[in-house]
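Geometric and topological summary
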Amino acid sequence: MGSAQINVTKFGAVGDGKTDDSKAFEKAWDTVCQTASGNPTLVIPAGKTFLTNPIAFKGPCKASSVKVQILGNLVAPTTVGVYDVFDREHWIMFSQVNGLHVEGKGQIDGKGNSWWAACKTITDSCKRPTIMTFNGCDDLVVNGLNTVNSQRNHISIGNCDDCIAVGTGISALNITRVNCGPGHGISVGSLGRNGESAEVEGVFVSDCTLTGTQNGVRIKTVQGGSGYARNIRFTNITLVDSDHPIIIDQYYCPHSTCASKASDVRVSDVYYNGIHGTSTRLAAISLQCSKAFGCKNINLNNINITASAQSVHPIVEDGETATLVANCTNAHGKASKTTPAVTCLLP
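Below or above, wherever it landed, is the structure these notes cover. (Residues numbered from 1 in each chain as written. Predicted model: local features only at pLDDT ≥ 70, side-chain atom pairs only at ≥ 80, totals over all residues. Heavy atoms only, no water.)

Points about the pairing of strand E5 (residues 55-58)
Moving residue by residue along a regular strand, the side chains alternate between the two faces of the sheet. How we decide: When accessible area is computed with a 1.4 Å probe and restricted to protein chains, residues below 20% of their type maximum are described as buried, those above 50% as exposed, and intermediate ones as partly exposed. Numbering of helices and strands starts at the N terminus; helices are DSSP runs of H or I of at least 4 residues and strands are runs of E of at least 2. Pairs of strands are assigned from DSSP output, requiring at least two bridges between the strands.
Judged by which residues are buried, E5 turns out to be one-sided: Ile55 and Phe57 face inward and are buried, whereas Ala56 and Lys58, on the alternate face, are not. Across 4 bridges, the pairing between E5 and strand E8 (residues 90-95) is parallel. By the bridge assignment for E8, phenylalanine 57 is matched with phenylalanine 94.

What follows is the structure in structure tokens.
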């Protein structure tokens, strides 16, 4: 069944960068959210710049999957006082929208310079908004967004299933200053579903805090796929009570059972640097790589993960607190200055 393409200009959005297009966006969103068939898509067209005041896209929606394509540019108001009328802590908010996919190469400009001048430091009396916030959005996928000049944070995600999920066809993606949890953490994948050929490279994740997440930073592929996931960097990540802080899973199975297959997505050139925090499980680092190809050039440096004092799954063996470990299968690379020690990498 085809997907309904709902263009904001059909609801009166001007896109001249000066006219407030908030009402047109709200009307277009209402149509998207009330469309039950297919996968309705809110289209923000290329070639235009849309000014919106603080705006909330609320669910739940009738369709099981909803897409937002940001092809044109979005700009925030430059007057700080505008936010006092609406919402001082959020510019663009998605709330309780399950199956939400947000993608596009349009520039999303928070016009943060007016806030930087008004708020030299972050205090309770000078709260600054986040460019884009996702709250309670299960099965969330965010691909290729271009956010600039944030008032405070670029993207904030809370009470969602996945914090960030990076799908195929992505290159040169920067994910910075994301604070989220609980949920499934930040994932590259799953890649290779239904025998697909995956292409992911140049993904840079930095300065993020994940709290109470099932996974911390994860790469996951399904057997039977092809292609590659390479040049992926996780830097300065704080993990609070993560079940699986660092994980590569090339045996991910989205079904009850999955047959073993020879082909697989090739994972290489992955860098973990400055990852620290707490784990609720014994295997703080798990690198489970393809039998066919293995993972090549996996690098871990300055890793410090300790046992969580708040674990709901006490790390205990034979009545005594166990030491965290790292497990590897067919993973090639090197490690230095890591806690727990990573001695399982192949040359």
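Continuing now.
Details of the sheet that holds strand E22 (residues 244-249)
To be explicit about the condition: Axis geometry follows a simple rule: fit a line to the C-alpha atoms, using only the stretch in contact for helices, then measure angles between N-to-C directions, giving values from 0 to 180 degrees.
Read across the sheet, 6 strands follow the order E15-E18-E20-E22-E24-E28 without closing on themselves; strand pairing throughout is parallel. With one partner strand each, in any of the chains shown, strand E15 (164-166) and strand E28 (325-329) form the two edges of the open sheet. Strand-to-strand twist of the sheet, defined as the mean angle between neighbouring strand axes without regard to direction, takes the value 15 degrees. As paired elements, E15 and strand E18 (residues 186-191) share 3 bridges and run parallel to each other. Its bridge partner being in E18, alanine 165 is matched across the sheet by serine 187.

Quick word on the pairing of strand E23 (residues 266-279)
Of the strand pairs in this sheet, strand E21 (residues 226-242) and E23 are connected by 11 bridges, and their pairing is parallel. Pairing of leucine 239 across the sheet is with glycine 277, part of E23. With 11 bridges joining them, E23 and strand E25 (residues 295-307) adopt parallel strand pairing. The residue of E25 that forms the bridge with tyrosine 271 is asparagine 299.

Description of the packing of aromatic side chains
Our working definition: Put simply, two rings from Phe, Tyr or Trp (the six-membered ring, in Trp's case) pair if the centres are within 6.5 Å, and we call them stacked under 30 degrees between planes, edge-to-face over 60, tilted for the rest. Two conditions define a charge sitting above a ring: the NZ of Lys or the CZ of Arg must be within 6 Å of the ring centre, and it must be within 35 degrees of the ring normal.
One pass over the structure, following the stated rule, counts 7 aromatic pairs. Aromatic side chains tryptophan 29 and phenylalanine 57 sit 5.3 Å apart centroid to centroid with 65 degrees between the ring planes, which places their arrangement in the edge-to-face category. With tryptophan 29 in helix H1 (residues 22-34) and phenylalanine 57 in strand E5, the pair connects residues that are 28 residues apart, well separated along the chain. Of the residues examined, tryptophan 29 reaches a relative accessible area of 3% and is grouped as buried. Aromatic ring contacts, followed pair by pair, group Trp29, Phe57, Phe94 and Phe134 into a single cluster. Directly above the ring of phenylalanine 293 sits arginine 266, whose terminal nitrogen or CZ lies 3.7 Å from the centroid.

Some details on empty space enclosed by the protein
To keep things clear, this is the line we draw: Buried and open spaces are told apart on a 1 Å grid over the protein atoms alone, a cavity being a set of points where a 1.4 Å probe fits but cannot get out and a pocket being an open set with protein on both sides within 12 Å along at least five of seven lines. Residues with an atom within 4 Å of a point are the lining residues. Grid points are joined across faces, edges and corners, and a volume is the space filled by probe spheres set on the points. The classification used treats Ala, Val, Leu, Ile, Met, Phe, Trp, Tyr, Cys and Pro as nonpolar, Asp, Glu, Lys and Arg as charged, and all other residues, Gly among them, as polar.
As enumerated under the stated definition, the model contains 1 cavity of 30 Å³ or more in all. Looking at the largest cavity, the residues that line it are Phe25, Ile44, Thr52, Ile55, Phe57, Val68, Ile70, Leu74, Ile92, Phe94 and Met132. At the level of elements, E5, strand E6 (66-70) and E8 are the ones that each hand at least two residues to the lining of the largest cavity. Of the residues in the lining of the largest cavity, the class split is 10 nonpolar, 1 polar and no charged.

Here's the deal with the pattern of salt bridges
As a reminder, the rule being used: Here a salt bridge means any side-chain nitrogen of Lys or Arg lying within 4 Å of a carboxyl oxygen belonging to Asp or Glu.
Overall, the coordinates contain 5 salt bridges when judged by the stated rule. When the shortest N-O distance is used, the salt bridge between lysine 23 and glutamate 26 registers 3.9 Å. Here lysine 23 pairs with glutamate 26, and both are found in helix H1, just 3 residues apart, close to one helical turn. With relative accessibility at 29%, the residue glutamate 26 sits in the partly exposed group. Ionic pairing is found between glutamate 201 and arginine 230, a salt bridge with its closest N-O pair at 3.2 Å. Of this pair, glutamate 201 sits in strand E19 (residues 197-211) while arginine 230 sits in strand E21, placing them 29 residues apart in sequence. According to the relative accessible area criterion, glutamate 201 is partly exposed, its value standing at 29%.

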